[in-house]
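Coordinate inspection notes
So you can see what is in the structure, the chains are spelled out below.
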Amino acid sequence: MTKHSPVTTLASGLTLPLIGAPMFLASGVDLVVAQCCAGIIGTFPALNARTSAQLDDWLTDIETRLDAHRLETGAAAAPYGINLIVNDNNARLEEDLAVVVRHKVPLVITSLSAPDKVVEAVHGYGGLVFHDVINARHARRAAKAGVDGLILVCAGAGGHGGTLSPFALVEEVRQFWEGTLVLSGAIANGRSILAAQVLGFDFAYAGTVFIPTEEAIAPEAHKKMVVEASSDQIIYTPLFSGTHGNYLVPSIEAAGLDLEDARLAQPRRMEAKTDPSRPKAWSQVWGAGQGAGQSRALEPTAAIVERLRREYSAARAAVCT
């Protein structure tokens, strides 16, 4: 049997080379379904479901609604995916992975540690595994594990973003990796999606632009803060989770914290997790990437995807003339 490339495998129903990034406490069933029905790959973190049993229910709901979309429109929706945290702090990993295998989730995105066991399990049913990396060392380790794609999380990405320019990182990774590449980092318009392709990426990866959507499960105040933010209101700090991430300055100020403490903080993973005096990352202090300044209103997901599609088409036309 011919083995198709990940790009070909994920092409069904896709109208833009774009993956909606899985966002903790922001991506849920409604957002994933809306993204897939609009023609991009929708994903969510497994840990957004409170239990593995609820995760099972969420996956059933997603599959049912995507099947209904196909029957109603006569066209397939784009594939969906799920994000698994694969480090030792995720006590649910084995149980969640078993749920993923039962549902044969098309795309599994792994983060924060080597995904060897996940790769073996997902490849067992024919699924794909993409892994988040912030440098070439992490990329080499993930490649050794047998992943199908690498997500280069570059400067400006929301959540646990990296600091490297995509211009630098993609060239280093291409020296040893010929497989699928995805670019993460301030992707918030169609021109950026085309630029990612010009750099040699197969897909772009966008999260923050989908926080202020009707379907996201983020609090309304978080959505409003993204709409009102600019790129200089994003700060990169390990203060809240122990690992560097990008956060909205107004949410830090609202928590009564000194921004200088955030700027000077050093990575201390366990201390950050156990210090009761610190606001909790993502739930009390909100994340966003540097593309936040490009969101201007709360919108339906379909409207955002359509705007991205128009911008992408216009950019392609301009380059080809």
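See the structure printed just above.
Reading guide: rules and limits
Note on numbering: residues in each chain are counted from 1, in written sequence order. The predicted origin of the model limits local features to residues at a pLDDT of at least 70 and limits the giving and counting of side-chain atom pairs to 80 or more, whereas totals for whole chains, interfaces and linings rest on all residues. To obtain the side-chain values, all non-hydrogen atoms of the structure were used and water was disregarded. Only DSSP runs of H or I reaching four residues or more are called helices, and only runs of E reaching two or more are called strands; each is numbered from the N terminus. Here the globule rule is a power law, 2.2 Å times the number of residues to the power 0.38, and the radius of gyration is based on C-alpha atoms. To sort residues, take the accessible area from a 1.4 Å probe on protein chains only and compare it with the maximum for the residue type: under 20% means buried, over 50% means exposed, and anything in between is partly exposed. Two residues qualify as a contact provided that any one of their heavy atoms is within 4.5 Å of a heavy atom in the partner residue. Residue exposure ignores everything except the shown protein chains as possible cover, and the areas themselves are Shrake-Rupley values with a 1.4 Å probe. Take a side-chain nitrogen of Lys or Arg and a carboxyl oxygen of Asp or Glu: if they are within 4 Å of each other, that pair is a salt bridge. Strands are treated as partners if at least two bridges between them are detected by DSSP. Fitted lines through C-alpha atoms give the axes, limited to the stretch in contact for helices. The angle between two N-to-C directions lies from 0 to 180 degrees. Polar contacts, as counted here, are pairs of nitrogen or oxygen atoms within 3.5 Å of one another; within protein the pair requires one atom able to donate a hydrogen and one able to accept it, and residues that are adjacent in sequence qualify only if both atoms are side-chain atoms. Taking the helix axis as origin, the arc is that swept by the directions to the C-beta atoms. Any angle between 65 and 115 degrees counts as roughly perpendicular, while under 35 counts as roughly parallel, over 145 as roughly antiparallel, and the rest as oblique. By definition, turning the near helix anticlockwise from the far helix through less than a right angle yields a left-handed crossing, and turning it clockwise yields a right-handed one. Classification convention: Asp, Glu, Lys, Arg as charged; Ala, Val, Leu, Ile, Met, Phe, Trp, Tyr, Cys, Pro as nonpolar; all other residues, Gly among them, as polar.

On to the overall build of the protein chain. On a plain count of helices and strands, the protein chain comes out with 13 helices and ten strands. Here the C-alpha atoms of the protein chain give a radius of gyration of 19 Å, agreeing with the 20 Å that 2.2 N^0.38 yields for 321 residues. Each principal axis of the C-alpha atoms in the protein chain carries an extent, and together these give about 55 × 45 × 40 Å. A total of 321 residues make up the protein chain; the buried ones form 53% of that total. For the protein chain, contacts bridging at least 24 residues in sequence account for 65% of all contacts bridging at least 6. Counting every atom, the protein chain has about 14400 Å² of accessible surface; 52% of that belongs to carbon and sulfur.

Let us now look at the pattern of salt bridges. Enumeration according to the criterion identifies nine salt bridges in this entry. Between Arg-65 and Asp-61 there is a salt bridge; the shortest N-O distance is 3.8 Å. Here the residue Arg-65 and the residue Asp-61 both occupy positions in helix H3 (residues 52-73), the gap between them amounting to four residues, near one helical turn. The class for Arg-65 is partly exposed, based on a relative accessible area of 31%. The exposure class assigned to Asp-61 is partly exposed, which follows from its relative accessible area of 33%.

Okay, the sheet that holds strand S1 (residues 18-20) next. Pairing is parallel around the closed barrel formed by eight strands, whose spatial order is S1-S2-S3-S4-S5-S6-S7-S8. Geometrically, the sheet is characterised by an average inter-axis angle of 25 degrees between neighbouring strands, direction not taken into account. Where strand S6 (residues 149-153) meets strand S7 (residues 180-184), five bridges bridge the pair, whose relative direction is parallel. In the strand pairing of S7, Gly-149 is matched with Thr-180. Of the strands in this sheet, strand S3 (80-85), strand S4 (107-111) and strand S5 (128-133) touch helix H5 (residues 116-124), which is tilted by about 155 degrees from S5. Across the sheet, helix H6 (residues 136-145) is in contact with S5 and S6; its angle to S5 comes to roughly 160 degrees.

Before going further, it helps to examine H6. If you check which residues of H6 are buried, you get Ala-136, Ala-139, Ala-142 and Ala-145. Along its buried surface, H6 packs onto H5, S5, S6 and helix H7 (166-174). Two to three positions downstream of the cap, the backbone nitrogen of Arg-137 sits 3.2 Å from a side-chain oxygen, assigning the N-cap of H6 to Asn-135. Phi for Gly-146, located one or two positions after H6, is positive at around 90 degrees.

Another aspect to go through is H7. Among the residues of H7, those classed as buried are Pro-166, Leu-169, Val-170 and Val-173. Down the axis of H7, the buried side of the element spans an arc of 95 degrees, and every buried residue falls inside it. For H7, the elements touching its buried residues are H6, S6 and S7. N-capping of H7 is provided by Ser-165, with a side-chain oxygen placed 3.1 Å from the backbone N of Phe-167.

One can describe the packing of helix H8 (residues 190-198) onto helix H13 (residues 301-320) by two numbers: an axis separation of 7 Å at closest approach and a directional angle of 55 degrees. When the axes of H8 and H13 are compared, the pair comes out oblique. Between H8 and H13 lies a crossing of right-handed hand. Contacts from Gly-190, Arg-191, Ile-193, Leu-194 and Gln-197 of H8 reach H13 at Leu-308, Glu-311, Tyr-312, Ala-315, Arg-316 and Val-319. For the contact of H8 with H13, the per-class residue count stands at six nonpolar, two polar and three charged.

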